[in-house]
Amino acid sequence: MKQHLSLCYHARNNSFLSKFMRICHPKPKSNLLSHYFSLLQSSPNAAHLRHLHARLLRTSLFDNVILSSKLLLMYSRLGKLSPHSLRVFLHMPHRNIYSWNNIIGEFSRSSLPHKSVELFLQMRHCNQPPDVFTLPLVLRACAACGSAKLGVSVHGLCAKMGMAKSLFVASALVFMYVTLGKVFDARVLFDEMPERDSVLWTAMLAGYAQHEESMQALSVFRQMASAGVALDGVVMISLLLACGQLGWLKHGKSVHGWITRRCLILGLNLGNALIDFYVKCAALGYSHNLFDKMPERDVISWSSLILGHGLSGKVDTALDLFDRMRGAGVKPNDVTFLGALSACTHTGMVERAYTYFEMMKEYQVVPELKHYACMVDCLARAGMLEDAERIIDEMPVEADGAVLGALLGGCTVHGNAEVGERVAKKLMRLEPEKASNYVMLANMYAGAGRFEDAEKVRELMKERNLSKLPGCSLI
């Protein structure tokens, strides 16, 4: 209540609003709501919105559920969801399903999805029944919270209320199960649907593609096309992701051709999907040409190309792109730095790698295991094995197989059995079933002339029934 009184005082003493009130003629009652609704809709900033908020309170128009609901929506759109939108909602004298859906939906799309679930429970306590638009918002919040238990409970409520077969709700259920990694459950629900629209088909296709079940994704796409479902850019993004995972350059080019023939606007999402596809298929020329033609680029566009060139050993191109990206004012992310570090690793540019690793602090990017693996690999390839081991010891998290494996590989190349033996023992405890670790240790012993130790490692592999799998390629 104090908040509302302060707003009234603020409004009474504000020169802007005084001028505003002088030029506004009294309007008929029938036009008043639409007039204020339009003002709320066009409000340019939070300060202007607070003036309107105060005016609504002084004129009692705040009691109108349409205007108060629009007010909380506009606070949220201007980045004031918590506490401004929430306070507006809690002080609303009248609420309907529209206002409940507004506040639940805004929180479900925010960084506080658990608040959306809390509001839904409060809604149930107030005996306000949800509708087919409420439940998808709550399911979205469950997915964002990562709570499978909560999601299953809401699914049960959907079934109990007879809404599980609604296309709106079913699409949200598929999205939730996919997000939580339960693709099988999503498919069971999908198959049980008597009717499917393009959103439901697209959710299932995207689910398979995002979880790298590429063949299943392509199977869903074929069924989708046979059913006569309209295809759009969102479908093409999932299709390109599946083709990239399989390394199917020819099929992906066909998708690119379809996009061109249909004259789809090459927006950021679609452009980034095409770049990512060509990078995964090692067609860097295509990806670079596409990148140069994109009218707009973001950190994903730059990072995909930098990582592609970095992993392919095209160091100069990768690092030049990194510098151009910074020059364009685009802030690097974890993938960008991974690409730069990978490029340094391929050519043994230790000092440059240290520079990029330290630069991560400047951009507030927290190094992950993959970044440490790159640094360790770079140092190990350059023969700086003690430095690489020191980085592992100073890591804030426990080293995984990729980090330790990079150091063991360097020990094998440079014949340092002392460090290699320590690392191999850690690896064997961490990954006792991975044969390549035993093979590297045996080769290192043999290279150092310790043939008896090498034979003991090979005997241990036989005892544990381990054998190194031959390499393979998608090309």
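Just above sits the structure.
Described below are features of the structure shown in this document. (Residues numbered from 1 in each chain as written. Predicted model: local features only at pLDDT ≥ 70, side-chain atom pairs only at ≥ 80, totals over all residues. Heavy atoms only, no water.)

With 14 residues, helix α15 (residues 233-246) extends 20 Å from end C-alpha to end C-alpha; this agrees with the ideal 20 Å at 1.5 Å per step. For α15, the buried fraction is high: 10 of the 14 residues fall into the buried class. The complete set of buried residues in α15 reads Gly233, Val235, Met236, Ser238, Leu239, Leu240, Ala242, Cys243, Gly244 and Leu246. If you follow the buried residues of α15, they end up packed against α13 (198-210), α14 (214-226), α16 (249-261) and α17 (268-280). Where α15 ends, the next residue or the one after it, Gly247, has phi of about 75°, a positive value. (Helix = DSSP H or I, 4+ residues; strand = E, 2+ residues; numbered from the N terminus. Expected span 1.5 Å × (residues − 1). Buried < 20%, exposed > 50% of the residue type's maximum accessible area, 1.4 Å probe, protein only. Contact = heavy atoms within 4.5 Å.)

Every α-helical turn comprises 3.6 residues, leaving residues that sit three or four positions apart pointing alike. The end-to-end C-alpha distance of helix α28 (residues 451-463) is 18 Å, a good match for the 18 Å that 13 residues give at a rise of 1.5 Å each. Residues of α28 that are buried: Ala454, Val457 and Met461. Buried residues of α28, viewed axially, fall in a sector of 60°; they line one side. Set apart from the buried face of α28 by more than 90 degrees, the exposed residues are Glu452, Lys456, Lys462 and Glu463. Packing partners of the buried residues in α28 comprise α27 (435-447). Taken from the residues just after α28, Asn465 is the one with a positive phi, measuring 55°. (Arc of directions from axis to C-beta.)

Taken as a whole, the largest pocket holds about 570 Å³ of empty space. In terms of lining residues, the largest pocket is bounded by 24 residues, among which Arg140, Ser171, Ala172, Phe175 and Val199 are the most central. Elements represented by at least two residues in the lining of the largest pocket include exactly α9 (134-145), α11 (167-179), α13 and α15. Taken together, the residues that form the lining of the largest pocket break down as 16 nonpolar, 5 polar and 3 charged. (1 Å grid on protein atoms, 1.4 Å probe; cavity = no way out; pocket = protein on both sides within 12 Å on 5 of 7 lines; lining within 4 Å. Points joined across faces, edges and corners; volume = space filled by probe spheres on them. Nonpolar A, V, L, I, M, F, W, Y, C, P; charged D, E, K, R; others polar.)

Attention shifts here to the packing of aromatic side chains. Taken as a whole and assessed by the stated rule, the structure comprises 10 aromatic pairs. Arranged with centres 4.8 Å apart and planes meeting at 75°, the rings of Phe89 and Trp100 form a pair that is edge-to-face. Taken as a pair, Phe89 in helix α6 (residues 81-90) and Trp100 in helix α7 (residues 97-108) lie far apart in primary sequence, 11 residues in all. Across the pair, exposure class does not vary: Phe89 and Trp100 are buried alike. Among the aromatic residues, those joined into a cluster by ring pairs are Phe322, Phe337, Tyr356 and Tyr363. The ring of Phe190 carries the charged tip of Arg196 above its face, separated from the ring centre by 4.3 Å. (Phe/Tyr/Trp six-rings, centres within 6.5 Å; stacked < 30°, edge-to-face > 60°. Lys NZ or Arg CZ within 6 Å of the ring centre and 35° of its normal.)

Keep in mind that these numbers describe shape and distance, not what the molecule does.
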